[in-house]
Amino acid sequence: MIRALAVGLALLPAPALAQVPEPGGFRMDSYRAPVPDTLSGATVVGPDEAFALWQSGETAFIDVLPRPPKPANLPEGTIWRDTPRDSIPGATWLPNVGYGALAESTDSYFRAGLSEATGGDPAHPVLFFCLDACWMSWNAAKRALGYGYEWVYWLPEGTDGWAASGHPLEPVTPAPGHP
C-alpha cells in the first residue's frame, strides 16, 4: 500500500508551489537556478520551436552566456585560453549582457549587438538563450523588451536543451566590441 502510494505520488505533476514566479524586475544573483515558465511580453519556446525559427532564418539568435574574465593576477608569460563556447549556428554571442545590472559599457555593447543582429529593426524577431536554468537569458530578453524590441522569444533550456533535442552546435566567438 505504501509503495503504491509512493509510486502514485511520483507520477503526479510537480505542485504549483514548485513553480518559480516571474519577478517584477531583473534577477540580480544566483543566475544558475530554476527559472519561471513565463516572461511577460515575450514568447517562451522549447528547443523544437526554436529549431523551426532557426530553420526559417527570420529570427536573430542571441547567446548571452557569460564569458569568464581573465584573472588579473596571472604571472607574466602565462598563456590564457578562453573557455570555448559551442552555440546555435549563426547565433550572435553577446557575453555578460544578462546580468541584473549592467555597466554602461556593457549596456552599450548589448544595444549595439542587438542592432547589428536585427539590422536596426526593433520589429525583427529575436531569440535569447544561454544554458538550461540560466537567468541570464531571461534578464536579456526582458531588457530587450524594455529597449522596445517587439518580437522577443526566450529559450529557457538554452543550448543544453537544444543539443539534447539533437540540434547542431558550432563554436562561436564573442561579437566584436566586448567590454
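In this text, all values refer to a predicted model and were calculated from it rather than measured experimentally. Each chain carries its own residue numbering, running from 1 in the written order of its sequence. Only residues with pLDDT of 70 or above have their local features reported here, since the model is predicted, and side-chain atom pairs are shown and tallied only from 80 upward, although totals for entire chains, interfaces and linings are computed over all residues. Heavy atoms from the whole structure form the basis of all side-chain values; hydrogens and water molecules are not counted.

(A) Representation of the overall build of the protein chain within the structure. When its secondary structure is counted, the protein chain shows five helices and seven strands. Strands are runs of DSSP state E lasting at least 2 residues, helices are runs of H or I lasting at least 4, and numbering of each runs from the N terminus. Beginning at the N terminus, the succession of helices and strands in the protein chain can be written as α-β-α-β-β-β-α-β-α-β-α-β. Whether a residue is buried, partly exposed or exposed follows from its accessible area with a 1.4 Å probe, protein chains only, as a fraction of its type maximum: under 20%, in between, or over 50%, in that order. Per-residue burial over the protein chain gives 39% buried out of 179 residues. Whether two residues touch is decided by their heavy atoms; if any such pair falls within 4.5 Å, the residues are in contact. Sequence separation of at least 24 residues holds for 79% of the intrachain contacts in the protein chain that already meet a minimum separation of 6. Only carbon and sulfur atoms are counted for the fraction: they give 57% of the accessible area of the protein chain, which is about 10,000 Å². Computed by Shrake-Rupley with a 1.4 Å probe, the accessible areas treat only the displayed protein chains as cover when residues are assessed.

(B) Region of the structure containing the pattern of salt bridges. The salt bridge definition used is simple: a Lys or Arg side-chain nitrogen within 4 Å of an Asp or Glu carboxyl oxygen. All told, the structure shown has three salt bridges when counted by the stated rule. Notably, a salt bridge pairs Arg-67 with Asp-82, separated by 2.2 Å at the nearest N-O pair. Taken together, the residues span a long stretch of sequence, with Arg-67 in the loop between β2 (60–63) and β3 (85–87) and Asp-82 in the loop between β2 and β3 at a distance of 15 residues. Accessibility expressed as a relative area gives 23% for Arg-67, which makes it partly exposed.

(C) Structural view of the environment of Lys-70. In this fold, Lys-70 is placed in the loop between β2 and β3. With relative accessibility at 53%, the residue Lys-70 sits in the exposed group.

(D) Quick peek at the packing of helix α3 (residues 104–118) against helix α4 (residues 135–147). For helices, the axis comes from a line fit to the C-alpha atoms of the stretch in contact; other axes are also lines fit to C-alpha atoms, and the angle between any two N-to-C directions lies between 0 and 180 degrees. Between α3 and α4, whose axes approach to 12 Å, the crossing angle comes to 75 degrees. In terms of orientation, α3 and α4 fall into the roughly perpendicular class. Where α3 approaches α4, its residues Asp-107, Phe-110, Arg-111 and Leu-114 are matched on the opposing element by Ala-140, Arg-143, Ala-144 and Tyr-147. Taken together, the residues of the contact of α3 with α4 break down into five nonpolar, no polar and three charged. Any angle between 65 and 115 degrees counts as roughly perpendicular, while under 35 counts as roughly parallel, over 145 as roughly antiparallel, and the rest as oblique. Residues are grouped as follows: nonpolar covers Ala, Val, Leu, Ile, Met, Phe, Trp, Tyr, Cys and Pro; charged covers Asp, Glu, Lys and Arg; every other residue, Gly included, is treated as polar.

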